[in-house]
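Observations on the three-dimensional arrangement
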Amino acid sequence: ISTRHLSFMETGRSVPSREMVLRLTERLDVPLRERNALLVAAGYAPMYRERKLDDPALAAARQAVELILKSHEPYPALAMDRHWNLVSYNRLVPVLMAGADPSLLQAPVNVLRLSLHPQGLAPQIANITQWRTHLFERLRQQVAATADPVLAALLEELRAYPMPEGAGNQNLEGEHPGVVMPFQFRTAHGLLSFISTTTIFGTPVDVTLQELALETFFPADEFTRVVLQQITAAG
């Protein structure tokens, strides 16, 4: 549900109470940003605050994010905002970003653009077809839930990217939609195998925090575990 799907003024129906709007959005698990928009459309003040991540009020949340990223070493982990822009990462992430065109590493770094651009990381992803499908589905769900024009434009941009030369249709086992995703990545250290999971704040009361996502990668085999430990020890 989003403001494009509901306009109280256009329907000609009576304006629902604030409590009714909140109950409806909670039952439908509407994102906080869209809850604010629906409240405004119904004639009420927005309820949920939106602050920048560097706001002093979010200091504890920032510390929690950094602790999670640091604690996940020697495995890669990163944090992204609602538009998939890189917010923070641990010291293993540059290992995965090595080889990408420098233009794609200029702030703000968009993680999806970096992953799927032909001059980015796409040629290094062994299961690129499976990975693209996974990312497109996640982004499509976001667009459907929020009607965010930035996300919609990003989806169209990514869909237009050509597949890397020689890309096959390899599908790795272990995929559980919405839970874990297998990921194989070619590096100077060899073929690294991961499973990827996404974590979000469970009970946020701030729009920024709800839209913050942590992507964590776990080794899917012993070779990857050993290589990452060696990289960390050498760093």
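You'll find the structure just up there.
Rules behind the numbers
- Here, residues in each chain are numbered from 1, in the same order as that chain's written sequence.
- Residue-level local features of this predicted model are given only where pLDDT is at least 70; pairs of side-chain atoms are given and counted only at 80 or more, and the full residue set underlies all totals for whole chains, interfaces and linings.
- Note that the side-chain values use all heavy atoms of the structure and ignore hydrogens as well as water.
- Numbering goes from the N terminus for both helices and strands, where a helix is a DSSP run of H or I of at least four residues and a strand is a run of E of at least two.
- Any two strands with at least two DSSP-identified bridges between them are counted as paired.
- Angles here are taken between N-to-C directions and fall from 0 to 180 degrees, while the axes themselves are lines fitted to C-alpha atoms, restricted in helices to the stretch in contact.
- Working rule for contacts: check all heavy atoms of both residues, and any pair within 4.5 Å makes them a contact.
- In what follows, salt bridge is the name for a side-chain nitrogen of Lys or Arg lying within 4 Å of a carboxyl oxygen of Asp or Glu.

1. Some points on the environment of Arg49
You can see Arg49 is positioned in the loop between helix 3 (32-41) and helix 4 (59-71). Note: C-alpha distance between Arg49 and Leu209 (160 residues apart in sequence) is 10.0 Å.

2. What to know about unusual backbone geometry
The peptide bond linking Glu73 to Pro74 adopts the cis configuration, its omega dihedral lying at 20 degrees. Its location among the elements puts Pro74 in the loop between helix 4 and strand 1 (77-80). Look at the link from Ala107 to Pro108: it is a cis peptide, with omega at -5 degrees. Along the chain, Pro108 falls in the loop between helix 5 (93-97) and helix 6 (111-116). Positioned with a positive phi, Trp84 is a non-glycine residue whose angle comes to about 70 degrees. Within the element layout of this structure, Trp84 appears in the loop between strand 1 and strand 2 (86-89). A positive phi angle is found at Ala147, which is not glycine, with a value near 55 degrees.

3. Some words on the sheet that holds strand 5 (residues 213-219)
Strand order in the open sheet made by the five strands is 2-1-5-4-3, with antiparallel pairing throughout. Unpaired on one side and paired on the other, strand 2 and strand 3 (181-187) mark the two borders of the sheet. Neighbouring strand axes in the sheet, compared pairwise and without regard to direction, differ in orientation by 30 degrees on average. Of the strand pairs in this sheet, strand 3 and strand 4 (residues 190-200) are connected by seven bridges, and their pairing is antiparallel. Bridging from a neighbouring strand, Pro182 pairs with Ile195 of strand 4. Set on the sheet, helix 10 (residues 222-234) makes contact with strand 4 and strand 5; between it and strand 4 the angle comes to about 85 degrees.

4. So, the pairing of strand 4
Joining the antiparallel neighbours strand 3 and strand 4 is a turn of two residues. Pairing of strand 4 with strand 5 involves seven bridges; the strand directions are antiparallel. Within the sheet, the bridge partner assigned to Thr199 lies in strand 5 and is Leu214.

5. Digging into the pattern of salt bridges
One pass over the structure, following the stated rule, counts nine salt bridges. When the shortest N-O distance is used, the salt bridge between Glu215 and Arg138 registers 3.3 Å. Taken together, the residues Glu215 in strand 5 and Arg138 in helix 7 (residues 128-146) connect sequence positions 77 residues apart. Arg159 serves as the salt-bridge partner of Glu156, at 3.4 Å between the closest nitrogen and oxygen. Of the two residues, Glu156 and Arg159 are both situated in helix 8 (residues 149-159); the distance of three residues between them amounts to about one turn of the helix. Through salt bridges that share partners, Lys70, Glu73 and Arg91 make up one connected network.

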